[in-house]
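Spelled out, the chains give:
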Amino acid sequence: MNMTHPDILTMEMLGYIPPRQGEPIGKCLYCEEEVYNNGWAVKSSDGLFCDMECCKDYYGIEEY
């Protein structure tokens, strides 16, 4: 499993995690973390995901 949670990616890019902005818009169906409207969120017909990686993992989508 890749370490691609939005907090990890942000930490790698910025060296810190900025404070959350606003209220959460829901919980991720895959990892159950709170989802914020921060540009990483993905909505499917089934629900909400914190990022595309969680969405792919939930549906079992693999890239080759």
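Since this is a predicted model, take the numbers as computed values, not measurements. (Residues numbered from 1 in each chain as written. Predicted model: local features only at pLDDT ≥ 70, side-chain atom pairs only at ≥ 80, totals over all residues. Heavy atoms only, no water.)

**Quick word on the side chain of Ser44**
Definition in use: Starting at the N terminus, helices and strands are each numbered in turn, a helix being any DSSP run of H or I of at least four residues and a strand any DSSP run of E of at least two. Under the rule applied, a polar contact is a pair of N or O atoms within 3.5 Å (in protein, one hydrogen donor and one hydrogen acceptor; residues adjacent in sequence only if both atoms are side-chain atoms). Whether two residues are in contact is decided by their heavy atoms: any pair within 4.5 Å suffices.
Tracing the backbone through its elements, the reader meets Ser44 in the loop between β3 (42-43) and β4 (48-49). In this structure the side chain of Ser44 is engaged in a polar contact, spanning 3.1 Å, whose partner is the backbone nitrogen of Asp46. In terms of polar contacts, Ser44 uses its side chain to reach the side chain of Tyr59, at 2.8 Å. Among all residues touching Ser44, those that are not within four sequence positions of it are Phe49 and Tyr59.

**Digging into the environment of Glu32**
By the secondary structure assignment, Glu32 is in the loop between β1 (26-27) and β2 (34-35). Taking the C-alpha atoms as reference points, Glu32 and Phe49, 17 residues apart in sequence, are found 8.5 Å from one another.

**Points about the pattern of salt bridges**
As a reminder of what qualifies: We define a salt bridge as a contact between a side-chain nitrogen of Lys or Arg and a carboxyl oxygen of Asp or Glu at a distance within 4 Å.
Here the structure, examined in full by the defined rule, presents 1 salt bridge. Where Lys56 meets Glu63, a salt bridge forms, and the shortest distance between an N and an O atom there is 1.9 Å.

**What about the packing of aromatic side chains?**
For clarity, the cut-off: Working definition: rings of Phe, Tyr and Trp (its six-membered ring) pair if their centres are within 6.5 Å, and the pair is stacked with planes under 30 degrees apart, edge-to-face with planes over 60 apart, and tilted otherwise.
Applying the stated criterion across every chain, the model contains 3 aromatic pairs. Taken together, the aromatic side chains of Phe49, Tyr58 and Tyr59 make up a single cluster linked through ring pairs.

**Considerations on helix α2 (residues 52-59)**
Put simply, the test is: Burial classification: accessible surface area is computed with a 1.4 Å probe over protein chains only, and a residue below 20% of its type maximum counts as buried, one above 50% as exposed, and the rest as partly exposed.
Among the residues of α2, Cys54, Cys55 and Lys56 are the ones counted as buried. Of the residues trailing α2, Gly60 is marked for its positive phi of about 75°.

**So, helix α1 (residues 6-14)**
Condition: Each C-beta atom gives one direction from the helix axis, and the arc is the one those directions make.
Looking only at α1, the buried set comprises Pro6, Asp7 and Thr10. Here the buried residues of α1 occupy an arc of 95° about the axis, which is enough to place them on one side. Positioned one or two residues after α1, Gly15 has a phi angle of 85°, which is positive.

**Overview of the confidence of the model for the protein**
Quick note on the threshold: pLDDT measures the predictor's confidence residue by residue and takes values from 0 up to 100.
Here the protein averages 84 in pLDDT, while 89% of its residues score no lower than 70. Model confidence for the protein, summarised as mean pLDDT per element, is weakest for α1 at 77 and strongest for β4 at 96.

**With respect to the nonpolar core**
This is how the line gets drawn: Only buried Ala, Val, Leu, Ile, Met, Phe, Trp, Tyr and Cys residues count toward a nonpolar core, and they belong to the same one when joined by side-chain atoms within 4.5 Å.
Ranked by size, the top nonpolar core spans 8 residues in total: Cys28, Val35, Val42, Leu48, Phe49, Cys50, Cys54 and Cys55. Where this core is concerned, the elements lending two or more residues are β4 and α2.

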